[in-house]
Number of protein chains: 2
Amino acid sequence: MGKTNTARLVWKGENLHFRGQLGSGYEFDVSGQSGPETGGSAMEFLLAGVAGCTAMDVVHVLRKKRENISGVEIEISGLRADEIPAVYTDVDILYIVRGHNVSASAVEQAIELSQTKYCSASIMFKQAGVDVRTNYRIEEETA
Amino acid sequence: MGKTNTARLVWKGENLHFRGQLGSGYEFDVSGQSGPETGGSAMEFLLAGVAGCTAMDVVHVLRKKRENISGVEIEISGLRADEIPAVYTDVDILYIVRGHNVSASAVEQAIELSQTKYCSASIMFKQAGVDVRTNYRIEEETA
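A quick note: this is a predicted structure, and the numbers were derived from the prediction, not measured.

## Side note on the overall build of chain A
Then, number 1: Across its full length, chain A carries 3 helices and 6 strands.
Then, number 2: Element order for chain A, N to C, with α for helix and β for strand: β-β-β-α-β-β-α-α-β.
Then, number 3: For chain A, the spread of C-alpha atoms along the three principal axes comes to 55 × 35 × 35 Å.
Then, number 4: Evaluated residue by residue, chain A yields a buried proportion of 54% over its 143 residues.
Then, number 5: For chain A, restricting intrachain contacts to residue pairs at least 6 apart in sequence, the fraction spanning at least 24 positions comes to 50%.
Then, number 6: Summed over its atoms, the accessible surface of chain A is roughly 6300 Å², and 45% of this surface lies on carbon and sulfur atoms.
Then, number 7: Side chains of chain A give 14 positive and 19 negative charges; the mean places of these two sets differ by 10 Å.

This is the structure:
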């Protein structure tokens, strides 16, 4: 049997604001009027899941390959259908890798491994028919 | 054209810990060693998206139907494949609705509308082949 993940949400009253707790114990806010104080939107958290999943894979693989990385950032954007249900149709992920003499082919392999093999969230998006595109940029950084 | 959502993650160093910011401005933590302090796991945030999406729909529909609701909680659990990629295969969502004389058929209709028409996250999960099951419980609460 595979692993089970859980989450729980409690409605906090009028403005479609919910307080959430993930099974791991981490707490967060989700809101119909998303913002820095009120909470993220539900569909934003879906993107966060995809970004988090592939971000970890890429860091993990690059460290295994002993690449000298000092920073990784992920920017993700998702275009949604203009009809209801407003599912994601297109997702773009930009990987920004900072470090010293980082190999472009190592970064490409890490992204490829994540997108085709390890990143369950991204693979689920593809199974749902989303066109997931990736791009990367390497920034030289001397310590 | 539909709406675009965005998110951004920045690696915080050794332990696969990333600080995230959603396009709406809300900040969060995602971590390979998930916990109350370190952050949620990426796959937990995917469940949070589904839960948040359907939670808002159900509150919205029940208020439109002028049901006298005082509390709503959502419990979601997702079983993952035991091979890589460990995608979700089965998701169970329990809706707990508190209030006075809340109509069971109104709750059923709200869940049905969300699951088949409005909740993009849940519909994407179904498109990805996930078996999404729902259940509900109404708890009488006198103000």
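Still more to cover.
## Focus on the pairing of strand 2 (residues 17–22) of chain B
Residue and element names in this part refer to chain B.
Then, number 1: The alternating pattern of strand 2 places Phe18, Gly20 and Leu22 on a buried face and His17, Arg19 and Gln21 on a face that is not buried.
Then, number 2: Pairing geometry for strand 1 (residues 4–11) and strand 2, over 5 bridges, is antiparallel. Looking at the pairing, valine 10 lines up with arginine 19 of strand 2.
Then, number 3: For strand 2 and strand 3 (residues 27–31), the ladder comprises 5 bridges, and the chain directions are antiparallel. When the sheet's bridge partners are listed, glycine 20 is paired in strand 3 with phenylalanine 28.
Then, number 4: The turn linking strand 2 back onto strand 3 is made up of 4 residues, and glycine 25 within it adopts a positive phi angle of 105 degrees.

## Brief notes about the relation of the copies chain B and chain A
Then, number 1: Once chain B has been moved 0.0 Å along the axis and rotated by 180 degrees, it coincides with chain A to within an RMSD of 0.0 Å. The superposition operator between the copies reduces to a two-fold rotation axis.
Then, number 2: An overlap of 100% is found between the interface residues of chain B and their copies at the interface of chain A, pointing to a shared contact surface.

## Concerning helix 1 (residues 42–64) of chain B
Since one α-helical turn is 3.6 residues long, residues separated by three or four positions face the same way.
Residue and element names in this part refer to chain B.
Then, number 1: In this model, helix 1 (23 residues) spans 34 Å end to end at C-alpha, consistent with the 33 Å of a helix rising 1.5 Å per residue.
Then, number 2: With 20 of 23 residues buried, helix 1 is to be regarded as a mostly interior element.
Then, number 3: Looking at the residues trailing helix 1, positive phi occurs at arginine 66, about 55 degrees.

## Re the state of the cysteines
All names here are of chain A.
Then, number 1: Summed over all chains, the structure comprises 2 disulfides over all chains.
Then, number 2: Two residues, cysteine 53 and cysteine 119, share a disulfide whose sulfurs are 2.4 Å apart. Within this pair, whereas cysteine 53 is found in helix 1 (residues 42–64), its partner cysteine 119 is found in the loop between helix 2 (104–118) and helix 3 (120–127), the two being separated by 66 residues in sequence.

## Let's talk about unusual backbone geometry
Then, number 1: Backbone torsion omega between isoleucine 84 of chain A and proline 85 of chain A reads 0 degrees, so that peptide bond is classified as cis.
Then, number 2: Turning to its location among the elements, proline 85 of chain A is positioned in the loop between strand 4 (69–80) and strand 5 (88–99).
Then, number 3: In this structure, arginine 66 of chain B takes a positive phi of about 55 degrees despite not being glycine.
Then, number 4: The residue arginine 66 of chain B is located in the loop between helix 1 and strand 4 (69–80) in this model.
Then, number 5: We classify arginine 66 of chain B as exposed; its relative accessible area is 76%.
Then, number 6: The phi torsion at asparagine 101 of chain B lies on the positive side, around 55 degrees, for a residue other than glycine.

## Quick look at the domain arrangement of chain A
Then, number 1: The assigned domain composition of chain A is domain 1 (1–40) and domain 2 (42–140).
Then, number 2: Each of domain 1 of chain A and domain 2 of chain A was reduced to a C-alpha centroid, and the two centroids are 23 Å apart.

## Quick look at the interface of chain B and chain A
Then, number 1: Counting residues at the interface gives 75 residues for chain B, matched by 75 residues for chain A.
Then, number 2: Roughly 6500 Å² is buried in total at the junction of chain B and chain A, and carbon and sulfur atoms are behind 66% of that figure.
Then, number 3: Here chain B is connected to chain A by 2 salt bridges.
Then, number 4: A salt bridge links glutamate 73 of chain B to arginine 8 of chain A; the shortest N-O distance between them is 2.8 Å.
Then, number 5: Seen at the junction of chain B and chain A, the total is 24 residue pairs in polar contact (both at pLDDT 80 or more).
Then, number 6: Listed by contribution, the elements that provide at least two residues to the side of chain B that touches chain A are strand 1, strand 2, strand 3, helix 1, strand 4, helix 2 (104–118) and helix 3 (120–127) of chain B.
Then, number 7: Looking at the side of chain B that touches chain A element by element, the count peaks at 17 residues for helix 1 of chain B.
Then, number 8: The sheet contact formed by strand 1 (residues 4–11) of chain A and strand 4 of chain B spans 7 bridges and is antiparallel. Bridge pairing in strand 4 of chain B places leucine 9 of chain A opposite isoleucine 74 of chain B.

Scoring rules and cut-offs
- Residues numbered from 1 in each chain as written.
- Chains lettered and ligands numbered in written order.
- Predicted model: local features only at pLDDT ≥ 70, side-chain atom pairs only at ≥ 80, totals over all residues.
- Heavy atoms only, no water.
- Helix = DSSP H or I, 4+ residues; strand = E, 2+ residues; numbered from the N terminus.
- Buried < 20%, exposed > 50% of the residue type's maximum accessible area, 1.4 Å probe, protein only.
- Contact = heavy atoms within 4.5 Å.
- Areas by Shrake-Rupley, 256 points an atom, 1.4 Å probe, with all protein chains shown as cover.
- Lys, Arg positive; Asp, Glu negative; His and termini not counted.
- Charge placed at Lys NZ, Arg CZ, Asp CG, Glu CD.
- Pairing = 2+ DSSP bridges.
- Least-squares fit on C-alpha atoms with pLDDT ≥ 70 in both.
- Expected span 1.5 Å × (residues − 1).
- Disulfide = S-S within 2.5 Å.
- Domains from an automatic or database assignment.
- Buried area = accessible area lost by both parts, 1.4 Å probe.
- Salt bridge = Lys/Arg side-chain N within 4 Å of Asp/Glu carboxyl O.
- Polar contact = N/O pair within 3.5 Å; in protein donor to acceptor, adjacent residues only side chain to side chain.

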